[in-house]
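Next come the chains, spelled out residue by residue.
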Amino acid sequence: MRPTLLALLLVGSTAFADVGPKPPKCTVPVECLTCVATGQADAGYEACLANAADAGLSKSECSDRSGSWLTSYYCPPGKEASRGCGCSSAEGLFAFAALVLLGRRKFWKR
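The present account deals with the structure reproduced in this document. (Residues numbered from 1 in each chain as written. Predicted model: local features only at pLDDT ≥ 70, side-chain atom pairs only at ≥ 80, totals over all residues. Heavy atoms only, no water.)

Time to look at the side chain of Thr71. Among the secondary structure elements, Thr71 is positioned in strand S4 (residues 69-75). A relative accessible area of 16% means that Thr71 is categorised as buried. The contacts of Thr71, once residues within four sequence positions are left out, are Thr34, Cys35, Val36, Ser63 and Asp64. (Helix = DSSP H or I, 4+ residues; strand = E, 2+ residues; numbered from the N terminus. Buried < 20%, exposed > 50% of the residue type's maximum accessible area, 1.4 Å probe, protein only. Contact = heavy atoms within 4.5 Å.)

Moving on, we get to the state of the cysteines. Enumeration over the complete set of coordinates arrives at three disulfides. Disulfide partner of Cys32: Cys75, at an S-S distance of 2.0 Å. Judged by the sign of its S-S torsion, about 110 degrees, the bond between Cys32 and Cys75 is right-handed. One end of the pair, Cys32, is in the loop between strand S1 (26-27) and strand S2 (33-37); the other, Cys75, is in strand S4, and 43 residues separate them in sequence. Judged by its relative accessible area of 11%, Cys32 falls in the buried class. (Disulfide = S-S within 2.5 Å.)

So this is what it looks like as structure tokens:
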């Protein structure tokens, strides 16, 4: 039992050491305008911001980032880009199953 528990602890600690889960992408209504910044001076991004301002759109609080790329969303009043919870039950289910199996082994050895 101890080698199994040690293996579970080592695998779990290395897999999630300094890396958090990636947040889910924003859910964007069709009416919203999407502007992508590449991390460099970009005339296309500036034009996108100007188009959003001309259309009376406001910047949504939800944005997506991937490396140096930033995707911002500009939506009309009453519409907003939102992010789901990003909940993944796979890790919790795995941990629960491991605890149940270890508990059963200890219970049946009595």
